[in-house]
Amino acid sequence: MSVRDIYLSFFMFTVNLHPDDPQYTEVVIRHMKELQNIGYTGFDMPVFPDGAGDPRADVLRYEKLREALDAAGLEDVGLTTNVATTPACNPTSLIPEEREAALVYLKSRVDITAALRSTIMAGPVLFPYNVFPTHNGQPLWSDALQDWLRPRYQIAQPLFERLGEYAAEKGVQVAIEPVDHWETPAPNMVRDVLDFLADVRSPYIGVCVDSSHVVLGSSGPETYRRDIQDAAGQQRLHYVQVSPPDRGEVADSWIPWRTFLGPVLPVYDGPLLIEVFNAIPAFLNSLRLTRRKFWIPMEDEPIPGVPSAYEVAEDGIKKLRSELTTLHTT
């Protein structure tokens, strides 16, 4: 069995890398080195949408972060980026100026991804994450929601065509992540993204598949298998994330390993990302986390009876490797 690259999401530690802060860069480097020793070959880096000023100015900041990683001996570490759109930079907005702002924003995130020497940018980049539509103060669901979504999908397709052309120039694959309906209104399923992409020609715009969202928001294993086959056949299966439905520990979780990875492994040779959302402030409300935080070594005081972030990461990679071995030998 060939060795599969396994990455870890930096959502274990932060949503903001503070690339202008040399002290925090040292923290990032320390985490990476410890996690490399555990066996991780790369990391998914959140690119924080602070909403201040021209987003293109952020590129230089992340170039400096990459330089700092290289200087610390991490020049071979693999990186991907996690990006989300915002209400002010919304590709599905009916207001043309907001759509143009979204294109500028997303292009700048592609530039950041390239500056980090990454080829994958993934996340909820179609509709703003965790923003639910309303009408006359009432939330929209079911048929009303689908009717609301249809024109917004259509109006966003030309923007993603242009984004795909730009991403191709930079050698970056953009992976739209369908997120379950508990966290965002759309897209929720792999098929939702593939349907949207039917009128987007560029194969540089594809899909990111996450086990958590598949379990919480998918139709079922037969549909999932067909969706993975279609995504791969269209060369649009750009990223695969392993995350438990409760967004916590991987080692003992309700991930349907064979059902999820079985269709993926024969058609996808990229990194597998372990994504654990730690109970840091950014996630407490959006994910409604109730569990205790996995304490972070050299940042938090140890909590008796609660595993550290490093322990959760180590147990997770061991579990994933074990499942990969089982799938390969059976």
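The shown structure was predicted, so the numbers you read here are calculated from the model rather than taken from an experiment. (Residues numbered from 1 in each chain as written. Predicted model: local features only at pLDDT ≥ 70, side-chain atom pairs only at ≥ 80, totals over all residues. Heavy atoms only, no water.)

### Points about empty space enclosed by the protein
If you walk through the whole model with that rule in mind, you get one cavity of 30 Å³ or more. Estimated volume of the largest cavity: approximately 70 Å³. Residue lining of the largest cavity: Pro178, Asn188, Met189, Val190, Asp210, His213, Val214, Ser218, Tyr224 and Asp227, and that is the complete set. Of all the elements in the fold, those that place two or more residues in the lining of the largest cavity are helix H6 (211-217) and helix H7 (221-233). Along the lines of polarity and charge, the residues of the lining of the largest cavity split into five nonpolar, three polar and two charged. (1 Å grid on protein atoms, 1.4 Å probe; cavity = no way out; pocket = protein on both sides within 12 Å on 5 of 7 lines; lining within 4 Å. Points joined across faces, edges and corners; volume = space filled by probe spheres on them. Helix = DSSP H or I, 4+ residues; strand = E, 2+ residues; numbered from the N terminus. Nonpolar A, V, L, I, M, F, W, Y, C, P; charged D, E, K, R; others polar.)

### Quick notes on a nonpolar patch on the surface
Among the surface-exposed residues, Trp182, Val215 and Leu216 lie close enough to one another that they form a single nonpolar patch of about 290 Å² accessible area. You can see valine 215 is positioned in helix H6. (Patch = residues over 30% accessible without salt bridge, like charges linked within 9 Å, V, L, I, M, F, W, Y side chains within 5 Å. Areas by Shrake-Rupley, 256 points an atom, 1.4 Å probe, with all protein chains shown as cover. Salt bridge = Lys/Arg side-chain N within 4 Å of Asp/Glu carboxyl O.)

### Section: the layout of surface pockets
In this model, the largest pocket occupies a volume close to 500 Å³. In this structure, the largest pocket is lined by 26 residues; those nearest its centre are Phe11, Asn82, Ala84, Tyr129 and Phe283. Here the residues of the lining of the largest pocket are counted per class, giving 17 nonpolar, five polar and four charged. The space that makes up the second largest pocket amounts to roughly 260 Å³. In terms of lining residues, the second largest pocket is bounded by 13 residues, among which Pro245, Asp246, Arg247, Leu287 and Arg288 are the most central. Here the lining of the second largest pocket is composed, by residue class, of five nonpolar, two polar and six charged.

### Here we look at the pairing of strand S7 (residues 173-176)
The pairing of strand S4 (residues 120-123) with S7 spans four bridges and is classified as parallel. Bridge assignment links alanine 122 to a residue of S7, and that residue is alanine 175. Pairing analysis gives three bridges linking S7 to strand S8 (residues 205-210), with the strands arranged parallel. Residue pairing for S8: alanine 175 is matched across the bridge by glycine 206. With helix H5 (residues 190-197) bridging S7 and the parallel S8, this β-α-β connection has right-handed handedness. (Pairing = 2+ DSSP bridges. Right-handed = clockwise from strand over helix to strand, strands pointing away.)

### Some remarks on the pattern of salt bridges
Summed over the entire model, instances satisfying the criterion amount to 19 salt bridges. Residue aspartate 70 pairs with arginine 117 through a salt bridge whose shortest N-O separation is 2.9 Å. Taken as a pair, aspartate 70 in helix H2 (residues 58-71) and arginine 117 in the loop between helix H3 (96-115) and S4 lie far apart in primary sequence, 47 residues in all. Between lysine 293 and aspartate 300 there is a salt bridge, with the nearest N and O atoms lying 3.0 Å from each other.

### Concerning the nonpolar core
Counting residues in each nonpolar core, the largest one holds 95 residues, and the members touching the most others are Tyr40, Phe43 and Phe160. Setting aside its immediate chain neighbours within four residues, phenylalanine 160 contacts Pro91, Leu106, Val125, Leu126, Ile176, Phe196, Val200 and Ile205. (Core = buried A, V, L, I, M, F, W, Y, C linked by side-chain atoms within 4.5 Å. Buried < 20%, exposed > 50% of the residue type's maximum accessible area, 1.4 Å probe, protein only. Contact = heavy atoms within 4.5 Å.)

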